[in-house]
Amino acid sequence: MKRIILTYGVIAGVIELGLLGLSMGLASDHGTLGMVLGYLSMLIALSLVFVGIKRFRDEHQGGVIGFGKAFLVGLGIAAIACLFYVLGWEAYMWATDYRFMTEYVASALKAKQASGASAAEIAAFKAEMDGFVQMYANPLLRMLMTLSEIAPVGLLVPLISAALLRNPRFMPARV
C-alpha cells in the first residue's frame, strides 16, 4: 500500500508541478484564466488517485476493496500531490522574487477600476488587498493558503474514486 501511495503520489505531484508551471506561463494576468487552468491542472494530476486506488484494488486486494481502505489510499496519494503543489508554489514564488502578490493586486485593482467602481470603493478595496499582501508575506500563512487551494480537490477526488472503486464490478481487473 505504501509503495502505491508513494509512487502515484509522486507521479501526481510531478504532473501537478509541470502543469502549474505551464499554467503560470499561459496565464500571466492571474485572473480567471489562471484560476481555471490551475484547478484543471489539479484535477488532471489528481486523476492519478483513481488510477492508484484501482491498481491497489486489482493487484493487491484481489479485485475487492472497501470504501475506507480505498479512501485512505486515495488520501495518501492526494496528500503527496498536495505537498508537491505547496512546495512547487513556494519554489515559484522564490524564483520570481515573490512578485506574485504585487502583480495580483495590481491586476485586481485594474479590474476594479475598469468595472467603474468609485474612488472610495477602490480605496477600500486597496486597503483590503494591502492587508492580504501583509498576510501573504508570512510563509506559514502563505503555505496554508496554498494548501487550501488544492485540499478540496484533494479530498473530493479520493472520495469519488473510493465510492466508485468499492464496487468490484466497476472497471473490474482484466485477467
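A few points on the structure.

Rules used throughout
- What you see as residue numbers is a count from 1 along each chain, following the sequence as written.
- Only residues with pLDDT of at least 70 get local features here, since the model is predicted, and only at 80 or more are side-chain atom pairs given and counted; chain-wide, interface and lining totals rely on the full set of residues.
- Calculation of side-chain values draws on the structure's entire complement of heavy atoms; hydrogens and water are dropped beforehand.
- Helix axes are fitted to C-alpha atoms over the stretch in contact, other axes to C-alpha atoms as well, and angles between N-to-C directions run from 0 to 180 degrees.
- Secondary structure elements follow DSSP: runs of H or I no shorter than four residues count as helices, runs of E no shorter than two count as strands, and numbering proceeds from the N terminus.
- For this classification, under 35 degrees means roughly parallel, over 145 means roughly antiparallel, 65 to 115 means roughly perpendicular, and everything else is oblique.
- Handedness of each helix crossing follows the sense of rotation of the near helix against the far helix: counterclockwise by less than a right angle gives left-handed, clockwise gives right-handed.
- Note on contacts: a residue pair is in contact if any heavy atoms of the two residues lie within 4.5 Å.
- Gly falls in the polar group here, along with every residue not listed as nonpolar (Ala, Val, Leu, Ile, Met, Phe, Trp, Tyr, Cys, Pro) or charged (Asp, Glu, Lys, Arg).
- Here, expected helix span is obtained from the residue count minus one, scaled by 1.5 Å.
- With a 1.4 Å probe rolled over the protein chains alone, any residue whose accessible area is under 20% of its type maximum counts as buried; one over 50% counts as exposed, and the rest are partly exposed.
- By nonpolar core we mean a set of buried residues, namely Ala, Val, Leu, Ile, Met, Phe, Trp, Tyr and Cys, connected to one another through side-chain atoms within 4.5 Å.
- Note that the arc is defined by the directions from the helix axis to the C-beta atoms.
- The salt bridge definition used is simple: a Lys or Arg side-chain nitrogen within 4 Å of an Asp or Glu carboxyl oxygen.

1. Regarding the packing of helix α1 (residues 2–26) against helix α2 (residues 32–60)
- Where α1 meets α2, the closest approach of the two axes is 9 Å, and the angle between their N-to-C directions is 165°. The angle between α1 and α2 falls in the class roughly antiparallel. Helix-helix and strand crossings are classified by hand; for α1 and α2 the assignment is right-handed. For the pair α1 and α2, contact is made by I4, Y8, I11, A12, I15, E16, L19, S23 and L26 and by L33, L37, S41, M42, I44, A45, L48, V51, G52, R55, F56 and H60, respectively.
- Looking at the contact of α1 with α2, its residues break down into 15 nonpolar, 4 polar and 2 charged.

2. Some thoughts on the packing of helix α4 (residues 100–114) against helix α5 (residues 119–136)
- Where α4 contacts α5, the two axes come as close as 10 Å, and the packing angle between them is 165°. With respect to α5, the element α4 is oriented roughly antiparallel. Note on packing geometry: the crossing formed by α4 with α5 is right-handed. Facing F100, M101, Y104, V105, A108, L109, K112 and Q113 of α4, the residues of α5 in contact are E121, I122, F125, K126, M129, F132, V133 and Y136.
- Among the residues making up the contact of α4 with α5, the classes are represented as 12 nonpolar, 1 polar and 3 charged.

3. A look at α2
- For α2, which comprises 29 residues, the first-to-last C-alpha distance of 42 Å matches the rise-based estimate of 42 Å (1.5 Å per residue) to within 8%.
- Note on α2: the residue one or two positions beyond its end, G62, has a positive phi of about 65°.

4. Observations regarding the environment of I65
- Looking at where I65 falls in the secondary structure, it is placed in the loop between α2 and α3 (67–95).
- Look at I65 and you get buried, because its relative accessible area is 3%.
- A sequence separation of 12 residues divides I65 from I53, and the C-alpha atoms of the two residues are 8.9 Å apart.

5. Side note on the nonpolar core
- Core analysis: the biggest nonpolar cluster contains 40 residues, and L46, V49, V73, W89, F100 and Y136 have the highest contact counts within it.
- For this core, the secondary-structure elements that each account for two or more residues are α1, α2, α3, α4, α5 and α6 (139–165).
- Considering every element that reaches this core, the biggest residue donor is α3, with 10 residues.
- Leaving out residues up to four positions away in the same chain, V49 has contacts with G74, I77, A78, V157, P158 and S161.

6. Quick notes on α4
- Given a rise of 1.5 Å per residue, 15 residues ought to cover 21 Å, and the 21 Å separating the end C-alpha atoms of α4 matches this to within 8%.
- When we look at burial in α4, the residues that qualify are F100, M101, V105, A108 and L109. Taken end-on, α4 shows its buried residues confined to a sector of 155°, consistent with a single buried face. Seen from the open side of α4, the exposed residues pointing more than 90 degrees away from its buried face are T102, K110 and A114.
- Packed against the buried residues of α4 are α1, α3 and α5.

7. With respect to the pattern of salt bridges
- The tally for this structure, following the rule as stated, stands at 6 salt bridges.
- Between R142 and E90 there is a salt bridge, and its shortest N-O distance comes to 2.8 Å. Remark: E90 occurs in helix α3 and R142 occurs in helix α6; sequence separation between them is 52 residues. Across the pair, E90 and R142 agree in class, each one buried.
- The salt bridge partner of K126 is D130, with a shortest N-O separation of 3.4 Å. Of the two residues, K126 and D130 are both situated in helix α5; the distance of 4 residues between them amounts to about one turn of the helix.

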